[in-house]
Amino acid sequence: MQRHNNKIPEDMESATTREFWEKSQPLPVWRKICFAIGGAPYQITSTVLGFFMSIFLLEVAQVDPSHVSVIVFGGKLWYAMTDPVCGYLVNRTKPSSWGKYKPWILLTMPFACVTYLCFWAVPDYSQQGKLWWYLVFYCLFQGFLSGVHVPYTSMTMSLSENQRDRDSITVYRMVAEAIGVMTGVIIQGHFIKKHRTAGSCEKGSSSSNQSSPSGDNINNQIGSYHNASVTIICIYVICILICFYGTKEQKVNHMAPEDGFFLGLQEVLFFHPYVKLSMSVLFLSVAISITQGNLALFCTHTLGMGRHFSTFITIIMASTICSLPIWHLVQKRIGKKKTFAAGMLVDAA
């Protein structure tokens, strides 16, 4: 009996030592890479929608311009609401054998893929029917995208308790997301540039002189958008599976909050540093979204470079990736806060 009592503490001590040793070890590079790969799908799909959605709805689906504005604004508004709701639901989720965040990423991924494919279809509906088709599937995709991206970004804190590891994970993720942005532009541009025919918006030009795509060309463009969306979805699934099976959440003691959700939300919203940071990020995101949505139309109808649009975007994204190491060095030298302020000033200029 005494021997049995001595054995139990030894096992407990061994398990505790093993758990402490695992947490104290640096996170392996291959796990950082697997986690970073999971951030690429969000950037791929968001970039493709940001740059190519307007020209797809106007030139291929032939949706009324006023309806396009409703679709874009409605989707963005819905996405702004689904993010905090999804964050609340994820926070209330009890950890399973797979972890707390990974099941969300895996289970919402199929729905995001299906709605993304449906969005790039062209139904034979009236203008009102097309409005509801694209608005519904755009909002659904944005909602399921929140179900993937919110738990993915939250998982950063559960991969390691070491702040250096967390900073390193963030750098890996930023590089993967930048590569995802370029990947989305290259894939989408490669498929659509073969068959794209942009109409003319010159003043005084008659309708007979405007270059209007024929029925066969429209079908070719529909097929090119479909092939691009299928390719992107295949990459989406592969990246999510790599992230799911290549990462491991550490066991963290989740303490139930003493205050209610709305009281905690009130404290956050009245915390002035957070409000200032949120407002600056909000206006920066709005500026980027407006630029993405109108850049294709600007290049096509103002600069007359519609056929070179994909090349133009690829160059921009390549310069973005090249600037990441520079900003990382600046961050190490002057700190995160000053680097963020410098970046905002450069964007504003």
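The structure this text deals with has already been given above.
In this text, all values refer to a predicted model and were calculated from it rather than measured experimentally. (Residues numbered from 1 in each chain as written. Predicted model: local features only at pLDDT ≥ 70, side-chain atom pairs only at ≥ 80, totals over all residues. Heavy atoms only, no water.)

1. Considering the overall build of the protein chain
Each helix and strand in the protein chain was counted, giving 13 helices and zero strands. A total of 349 residues make up the protein chain; the buried ones form 36% of that total. As presented, the protein chain carries roughly 20,900 Å² of accessible surface, and 65% of it is formed by carbon and sulfur atoms. (Helix = DSSP H or I, 4+ residues; strand = E, 2+ residues; numbered from the N terminus. Buried < 20%, exposed > 50% of the residue type's maximum accessible area, 1.4 Å probe, protein only. Areas by Shrake-Rupley, 256 points an atom, 1.4 Å probe, with all protein chains shown as cover.)

2. Focus: a nonpolar patch on the surface
Taken together, the side chains of Val268, Leu269, Phe270, Phe271 and Tyr274 present a nonpolar region at the surface, about 540 Å² in accessible area. Take Leu269: it is sitting in helix H10 (residues 261–269). (Patch = residues over 30% accessible without salt bridge, like charges linked within 9 Å, V, L, I, M, F, W, Y side chains within 5 Å. Salt bridge = Lys/Arg side-chain N within 4 Å of Asp/Glu carboxyl O.)

3. Some words on the packing of helix H2 (residues 29–37) against helix H8 (residues 163–192)
At a minimum axis distance of 8 Å, the contact between H2 and H8 shows a crossing angle of 45°. Relative to H8, H2 is oriented oblique. The handedness of the crossing between H2 and H8 is right-handed. On H8, the residues that touch Val29, Lys32, Ile33, Phe35, Ala36 and Ile37 of H2 are Asp165, Ser168, Ile169, Tyr172, Arg173 and Ala176. Here the residues of the contact of H2 with H8 are counted per class, giving eight nonpolar, one polar and three charged. (Axes fitted to C-alpha atoms, helices over the stretch in contact; angles between N-to-C directions. Parallel < 35°, antiparallel > 145°, perpendicular 65-115°, else oblique. Left-handed = near helix turned anticlockwise from the far one by under 90°. Contact = heavy atoms within 4.5 Å. Nonpolar A, V, L, I, M, F, W, Y, C, P; charged D, E, K, R; others polar.)

4. Comments concerning the nonpolar core
With 61 residues, the main nonpolar core has Leu57, Phe119 and Trp120 as its most contacted residues. Mapped onto this core, the elements with two or more residues apiece are helix H3 (40–60), helix H4 (65–92), helix H5 (102–119), helix H6 (127–154), H8, helix H9 (215–246), helix H11 (272–301) and helix H12 (309–334). Per-element accounting of this core gives the leading share, 12 residues, to H3. The residues contacting Phe119, other than those within four sequence positions of it, are Leu49, Met53, Phe56, Leu57, Tyr134, Phe137 and Tyr138. (Core = buried A, V, L, I, M, F, W, Y, C linked by side-chain atoms within 4.5 Å.)

5. Quick look at the pattern of salt bridges
Summed over the entire model, instances satisfying the criterion amount to one salt bridge. Among the ionic pairs, Arg173 bridges to Glu177, the shortest N-O distance being 3.0 Å. Here Arg173 pairs with Glu177, and both are found in helix H8, just four residues apart, close to one helical turn. Grouping residues by exposure puts Arg173 and Glu177 together as buried.

6. A word on the side chain of Arg173
Arg173 gets classed as buried once you look at its relative accessible area, which sits at 17%. Beyond its immediate sequence surroundings of up to four residues, Arg173 is in contact with Phe35, Ala36 and Tyr152.

7. Notes on the packing of aromatic side chains
In the structure shown here, the tally under the stated rule is 17 aromatic pairs. Their ring planes at 40° and their centres at 6.4 Å tell us that Phe56 and Phe119 sit as a pair that is tilted. Here Phe56, found in helix H3, pairs with Phe119, found in helix H5; they are 63 residues apart in sequence, far enough to count as distant. For the pair shown, Phe56 and Phe119 are each scored as buried. With a centroid separation of 5.3 Å and 25° between ring planes, the pair formed by Phe111 and Phe144 is classed as stacked. Linking Phe111 in helix H5 with Phe144 in helix H6, this pair joins segments that are 33 residues apart in sequence. Members of the aromatic cluster, connected to one another through ring pairs, are Phe56, Tyr116, Phe119, Trp120, Tyr134, Tyr138, Phe141 and Tyr225. Against the face of Phe244 rests Lys102, its NZ or CZ located 5.0 Å from the ring centre. (Phe/Tyr/Trp six-rings, centres within 6.5 Å; stacked < 30°, edge-to-face > 60°. Lys NZ or Arg CZ within 6 Å of the ring centre and 35° of its normal.)

8. Comments concerning the environment of Val286
Following the sequence through the fold, Val286 ends up in helix H11. Considered as a pair, Val286 and Lys76 are 210 residues apart in the sequence and their alpha carbons are 9.8 Å apart.

9. Re unusual backbone geometry
The phi dihedral of Gln62 is positive, around 55°, even though this residue is not glycine. By the secondary structure assignment, Gln62 is in the loop between H3 and H4. With relative accessibility at 43%, the residue Gln62 sits in the partly exposed group.

10. Here we look at H3
Taking the largest bend as the criterion, H3 deviates by roughly 55°, centred on Phe52. For H3, the buried fraction is high: 19 of the 21 residues fall into the buried class. Phi turns positive one or two residues past the end of H3, at Gln62, with a value near 55°. (Bend = angle between axes of the 7 residues up to and from the residue.)

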